[in-house]
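# Secondary and tertiary structure notes
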Amino acid sequence: MLKRCEVNVEVKCRPEGFWSATEVWIQKPHVANKRLCGAKVSEYADVDADKLRHSLPLLTGTSEQELTDVYRFLHGHTANNGHRGARSWRIGRRTVVPKADLNHEGANAYKEIIVKDLIRQVVTFLPVEDSRDGQVIFRKGNIYQIQLQLKADDWVLSLCPLRPDEWHSDGVAYPNLSWLTAELLPKLARWATESKASEFKSTLSLIPIEKYSVLYQELKSKYKEMVKVWPEVTDPEKFVFEDVAIACTFLEFVLFINIIPESLKKDMNMCSVQVLWHEERAEKGLTSKQSFVDLGCGNGLLVHILNNEGHPGKGIDVRKRKIWSMYGPDTHLEEKAITPSSSFLFPETDWLIGNHSDELTPWIPIIAARSSYTCRYFALPCCFFDLCGKYQRRHCKKSQYREYIDFISEVSTACGFQTDEDCLRIPSTKRVCLIGRSRTYERTEEGLAETRRSDYIRGRQASHRGSANGAPEDPAGPPRRGGGLGSAEPESDWGTGFKPRDKEEPVRNCAALPRCFVEGVVLKVATALLGLTAEAGKEKDEESACSDQGGNKWDAGGSLSIRDVAELLGQCTLQELKKECGGLQTLLKNSHQVFRVEAGRVHIRDWRRSGPAQATQATSKRKNQMSGARKTRLCWFHTHHPHGCPLSIEDCAFAHGEEDLQPSTRPLKKFRN
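The name recorded for the chain in an unreviewed UniProt entry is tRNA (uracil-O(2)-)-methyltransferase, from Electrophorus electricus.

What follows is the structure, encoded as structure tokens:
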């Protein structure tokens, strides 16, 4: 008898939800195990029980006799009920890739044989390792199953190891059993219940994950110091590590061979269809690295990284950033407004980059196509722009993001590109990129291709003008002239209706409002909250009954919805807020010292209840940032609250009177007087 150790979790799902959940764990183990970078999965083969019995010894490097208990574990109680002869098994293999900093030199390659029992809804994982000397190591003690069963009218998810007493954990590819049961199993239950087909591909589907992992760790270590000296107001960790990840995509970028026999596509591991940038150079007999131009380069960090890694190129943006001066002379950045025209073509450039380039995004494939026949492009769309103006939605059945990605892909196709789509592993919700790597036509057909491009651009611009004037828009797409009606030569200025962004960035988040205006709004809202009473039909917060540190009653007031606060202020005040590119809720959240905004309701902040246990991650970051600015501003409660500040002068981070103010060690926000 096999010793079974099951952990059951009740889950409301059907078998189809189970299969999609286990597929997430198979294809994307890194979403649960943060010490992994990803996995490479081979094609599955459908087999019967006999073929399964003959295949496992070859895959595990053992004999049939050594696998007797494994066969029994795979078959469970169904060994003699007709399941044996059915072609109801699916067998495959995956290679688990640890993060590069956790995968020491000389470590074995982690692989798993995956056996799916389609009748019993069971997935079994059989770990094997390929050692550096070519030996196959079968980790029988780490075999486990994930199964969905119907018990007492409830679907129950269970995880069962073959030999729990022999389980080996290295904390990376082999996590503890307690982690599998306490962390993985609940995640599988949730994924099974919430199973929904993604609109996009898996992350990094176009590059070898193990090479990406190594390079990412190298670049992250090399450029992480940028976080400490980041002079911009944007989040340094997000932008630094996002651009490091994008740079990895370029430096380890792959190009697929255009013609692959269908017989070879069945096993992608057996055919060399991926060629890295350096392999592209070797294939073409080139010694120089690929050149690039980053259009709308923003902070220029991606340009800095690519220049440092030996790729000649430059970045262009309408506005110079403060960080540009920190990069040094080897990073090439230009401050210039970009307008789609013959003045902005790059015939000597290998790659054009549009990394969150906003209004330039739909023009990136066009500029690349017209620059030269060999020019390629990379676009990471973010904000939704058309060739002229904002993009107008057409398909309500798609998400807005999916529809916009499809639109940029349509532009790319109209320009004659063979377009690839991939999902980057970056800290952003907008992480789907489009890559134009080759053309769908021969070089000799460039004239006809330009005719089609010109027709598409004019049709798209006419469609946008018609929509702006109230004319009905063709839901199937913009009108095209087709045939040979367009010119084979691009016009000198083809961006009719295109408006580049202003050089001066508008101040957002209500930061430019006059100080007296902000103080007036804060005082009016706070007074209204403090005036709420239970007798007036407004419930007071439970903080209202609390006392301050001296034992005296301190009134925390009631709460109002954002709508109620808006009605309290009146239209003139709201219009002033709207003009400043912010809004009422933004102003209230900016007034963090006085207000707490949660679930659409505004409360007076009680600083006695803002201890570490209640502090959110954002609050913790804010406190760290304020550590060098203690006592640099007056305490609003000390000045305006009828009961004063609930904290003592020693505990309050704000000054209790002019005599308590300290010199500021950091620049203050600029207000318009």
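Let's pick the thread back up.
Quick look at helix H4 (residues 177-193) now. When the terminal C-alpha atoms of H4 are compared, their 23 Å separation across 17 residues agrees well with the 24 Å that a helix rising 1.5 Å per residue should span. Where H4 bends most, the angle comes to about 35°, and this point is Leu 184, followed within four residues by the proline Pro 186. Among all positions of H4, only Leu 177, Leu 180, Leu 184, Leu 185, Lys 187, Leu 188, Ala 189, Trp 191 and Ala 192 are buried.

Counting buried residues in strand S18 (residues 432-439) gives eight out of eight residues, a clear majority hidden from the surface. Strand direction decides the pairing type here: strand S16 (residues 376-380) and S18, joined by three bridges, are antiparallel. Pairing of Phe 378 across the sheet is with Ile 435, part of S18. Across seven bridges, strand S17 (residues 417-423) lies against S18 in antiparallel orientation. Note that in S18 the partner of Asp 420 across the bridge is Ile 435.

Soluble globular proteins tend to bury their nonpolar side chains together. With 36 residues, the main nonpolar core has Leu 295, Phe 346, Leu 352, Trp 363, Ile 366 and Tyr 377 as its most contacted residues. Contributions of two or more residues to this core are made by strand S12 (292-295), helix H11 (364-371), S16, helix H12 (400-414), S17, S18 and helix H13 (446-468). The element contributing the most residues to this core is H12, with six residues. Non-local contacts of Leu 352, meaning those with residues more than four positions away in its chain, are made with Val 293, Leu 295, Phe 346, Ile 364, Ile 367, Ala 368, Ser 371, Cys 375, Arg 376, Tyr 377 and Phe 378. Counting 33 residues, the second-largest nonpolar core is a separate cluster that includes Val 525, Leu 584, Val 594 and Val 597.

Across a sheet, paired strands are connected by hydrogen bonds in the backbone, their directions being either parallel or antiparallel. Ordered in space as S19-S21-S20, the three strands form an open sheet in which the pairing is antiparallel. Each having just a single partner strand, strand S19 (559-561) and strand S20 (595-598) make up the two edges of the open sheet. Direction aside, the axes of adjacent strands within the sheet are offset by 25° on average. The pairing of S20 with strand S21 (residues 601-604) spans four bridges and is classified as antiparallel.

Confidence in the prediction of the chain, expressed as mean pLDDT, is 75, and 67% of residues score 70 or more. Taken as a whole, residues 78-83 scores under 50 in pLDDT and shows eight contacts with residues more than four places along the chain or in a different chain. Every residue in residues 667-673 is under pLDDT 50, and counting partners more than four places away or in other chains gives ten contacts.

What follows concerns the pattern of salt bridges. Here the structure, examined in full by the defined rule, presents 27 salt bridges. Between Glu 23 and Lys 116 there is a salt bridge whose closest N-O contact spans 2.7 Å. In this pair, Glu 23 is assigned in helix H1 (residues 15-27) and Lys 116 in strand S5 (residues 109-117), connecting sequence segments 93 residues apart. Under the relative-accessibility criterion, Glu 23 is labelled partly exposed at 21%. A salt bridge links Glu 334 to Lys 314, with the nearest nitrogen and oxygen atoms 3.2 Å apart. A residue pair is termed long-range when its members are at least 10 positions apart, and Glu 334 in strand S14 (residues 333-335) and Lys 314 in strand S13 (residues 313-317) qualify at 20 residues. Glu 334 gets classed as partly exposed once you look at its relative accessible area, which sits at 26%.

The rules behind each value
Along each chain, the written sequence defines residue order, and numbers are assigned to residues from 1. Where local features are concerned, this predicted model is filtered to residues with pLDDT of at least 70; where side-chain atom pairs are given and counted, the filter is 80 or more; whole-chain, interface and lining totals use all residues. With hydrogens and water set aside, each side-chain value is computed from the structure's full complement of heavy atoms. A run of DSSP states H or I qualifies as a helix once it reaches four residues; a run of E qualifies as a strand once it reaches two. Both are numbered from the N-terminal end. Expected helix span is given by 1.5 Å per residue-to-residue step, counting one fewer step than there are residues. In this analysis the local bend is the angle between axes fitted, respectively, to the seven residues ending at and the seven residues starting at the residue. The buried label goes to any residue with under 20% of its type's maximum accessible area, the exposed label to any with over 50%, and the partly exposed label to all in between, with areas taken from a 1.4 Å probe on protein chains only. Any two strands with at least two DSSP-identified bridges between them are counted as paired. In plain words, nonpolar cores are sets of buried Ala, Val, Leu, Ile, Met, Phe, Trp, Tyr and Cys residues tied together by side-chain atoms within 4.5 Å. In what follows, a contact means two residues having at least one pair of non-hydrogen atoms within 4.5 Å. Convention adopted: a line fitted to C-alpha atoms gives each axis, helices being fitted over their contacting stretch, and angles between N-to-C directions are expressed from 0 to 180 degrees. How sure the predictor is of each residue is captured by pLDDT, a score from 0 to 100. By definition, a salt bridge exists where a carboxyl oxygen of Asp or Glu is found within 4 Å of a side-chain nitrogen of Lys or Arg.

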